[in-house]
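Overview (structure and organization)
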Amino acid sequence: MPAMSDPRPLTGEPVSLDLLNTRWMRDGVRQDLLTGVDGLRIWLTANGLAERFTADAATLERTVTARDALAALVDSPGDPAAAARVDEVLGHGRIRAKLTADGPGEEAEFADPAWGPGWTAARGHLDLLRTAPDRIRGCAHEACILHFFDTSRNGTRRWCSMAVCGNRAKASRHYARTHED
């Protein structure tokens, strides 16, 4: 079976934001990569998780649950109910310390492996919050629902993509200036 290509306009963000970006807008219509196991397989592959986790109905359901919990947290960062939803996802896995040939290491463990991808994304989000919570951003374009981690030097990135949303905003401002009465 040939591999399906990733249709999303923004990829390569940290795993938690990449999970959020499985929903996007195209021509004013919300798109969703996670409507079936084929989309889940695309997302797992894009994030290097396809070797560890199975793209099946149970994993899809639990990954969407994790996405919804992360979306609630990103939309309302101080909301205790949103934090509780992410904590619920995190409750389905744990980190086990271990000694490897290379020295100390850690390994994620899951009672139900179907929680693995969603748990991995939620755990990754904790790392972003620990590192630079102010750099977790939603695109500033009013018609865009994508998220990114601002890695710009001065921390002023506003658009998911300067080539797409940034250009749209500049074009809108130009149109408004040139068509004033």
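See the structure shown above.
Okay, so let's go over this structure. Since the structure is predicted, the reported quantities are computational estimates derived from the model, not experimental observations. (Residues numbered from 1 in each chain as written. Predicted model: local features only at pLDDT ≥ 70, side-chain atom pairs only at ≥ 80, totals over all residues. Heavy atoms only, no water.)

**What about the side chain of Arg 62?**
- Turning to its location among the elements, Arg 62 is positioned in helix α3 (residues 57-75).
- A polar side-chain atom of Arg 62 sits 3.0 Å from a polar atom in the side chain of Asp 112.
- Every residue in contact with Arg 62, bar those within four places of it in the chain, is listed here: Asp 112, Ala 114 and Trp 115. (Helix = DSSP H or I, 4+ residues; strand = E, 2+ residues; numbered from the N terminus. Polar contact = N/O pair within 3.5 Å; in protein donor to acceptor, adjacent residues only side chain to side chain. Contact = heavy atoms within 4.5 Å.)

**Here's the deal with the packing of aromatic side chains**
- Summed over all chains, the structure comprises two aromatic pairs.
- Each ring, one from Phe 53 and one from Phe 110, has its centre 5.8 Å from the other, and the planes form 65°; the classification is edge-to-face. In this pair, Phe 53 is assigned in the loop between α2 (37-46) and α3 and Phe 110 in strand β4 (residues 103-110), connecting sequence segments 57 residues apart. Across the pair, Phe 110 and Phe 53 agree in class, each one buried.
- For the pair Phe 110 and Trp 119, a centre-to-centre distance of 5.2 Å together with 75° between the ring planes defines the contact as edge-to-face. Per residue, the accessibility class of Phe 110 equals that of Trp 119, and both read buried.
- In this structure an aromatic cluster arises from ring pairing among Phe 53, Phe 110 and Trp 119. (Phe/Tyr/Trp six-rings, centres within 6.5 Å; stacked < 30°, edge-to-face > 60°. Buried < 20%, exposed > 50% of the residue type's maximum accessible area, 1.4 Å probe, protein only.)

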